[in-house]
Amino acid sequence: MEIKKEKKGKNLFKKVGALSLACVFAVGVALTIAFSIPRGEEVSTENVITFGLPMNNAVVVKDYADDKLQFNESLNRWEIHLSVDLTSEDNLVLAACDGVVTSVDENSLEGYVVEIEHADGFVSVYSSLSENVKVAEGDVVSKGQQIGEASDSAANESATGGHLHFTLFKDGLEVDPNLYLDLQNK
Ligand SMILES: [Zn+2]
């Protein structure tokens, strides 16, 4: 009996020992896997879309504001301006981002108007352009590509002089271009 007991005890010890070894091994494997996963670089699930200025060295002549009225000298009235008015020395108007031209239009109030659709639900609209529009509907454009020239063709803002009336939409709503374009200190 004594011998049998001893044997049993030894077996139990062996079993516990083996189990402990297995646990240590398992934890080791888990840690090895955990630390082999690359760290430091968070992989974003969103595409990063970056905008450039729609004019070379653009100067803001009238800013975007959704919380205050701004005076429109051309229409002699106070109004909400959900766009930025820009000028530059060369008057060239550039695509703010890669995209597809979804419309080229003309009306007396806004002058020639180009609309470009981008990724991530962004649409940029360029108004008060001269008739010298460089793109047509369906054209694929790259960021920085010239699409037209700023002018005083928009009757509703003609008092501002030659300028680009730039509007940025995200998912169908106007957004502040200052949030996406580096218009500071320009
Ligand atoms: Zn404007």
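Residues numbered from 1 in each chain as written. Predicted model: local features only at pLDDT ≥ 70, side-chain atom pairs only at ≥ 80, totals over all residues. Heavy atoms only, no water.

Draft legend 1. Spotlight on the overall build of the protein. The number of helices and strands found in the protein is one helix and 12 strands. In the protein, buried positions account for 33% of the 186 residues. A sequence separation of at least 24 residues applies to 61% of the contacts in the protein between residues at least 6 apart. Working note: accessible area of the protein is about 11,900 Å², and carbon and sulfur atoms make up 55% of it. (Helix = DSSP H or I, 4+ residues; strand = E, 2+ residues; numbered from the N terminus. Buried < 20%, exposed > 50% of the residue type's maximum accessible area, 1.4 Å probe, protein only. Contact = heavy atoms within 4.5 Å. Areas by Shrake-Rupley, 256 points an atom, 1.4 Å probe, with all protein chains shown as cover.)

Draft legend 2. Local environment of the coordination of the zinc ion. Within the protein, His81 (NE2), Asp85 (OD), Asp85 (OD), Glu157 (OE), Glu157 (OE) and His165 (ND1) serve as the donor atoms for the zinc ion, at 2.0 to 2.6 Å. Taken together, the six donor atoms surrounding the zinc ion define angles of 55 to 152° at the centre, an arrangement classified as irregular. The buried category is assigned to Glu157, whose relative accessible area is 4%. (Donors = N, O, S within 2.8 Å, 3.2 Å for Na, K, Ca; no water. Tetrahedral: all angles 85-135°; square planar, octahedral: opposite > 155°, others 65-115°.)

Draft legend 3. Here's a closer look at the environment of Ala119. Here Ala119 is to be found in the loop between strand E7 (111-117) and strand E8 (122-129). Residue classification places Ala119 among the partly exposed residues on the basis of a relative accessible area of 43%. Spatially, the C-alpha atom of Ala119 lies 8.2 Å from that of Asp98, the residues being 21 residues apart in sequence.

Draft legend 4. Up close: the side chain of Ser128. Locating Ser128 in the fold gives a position in strand E8. With residues near it in sequence (within four places) discarded, Ser128 still touches Glu110, Tyr112, Glu149, Ala150, Ser151, Asp152, Ser153, Ala154, His163 and His165.

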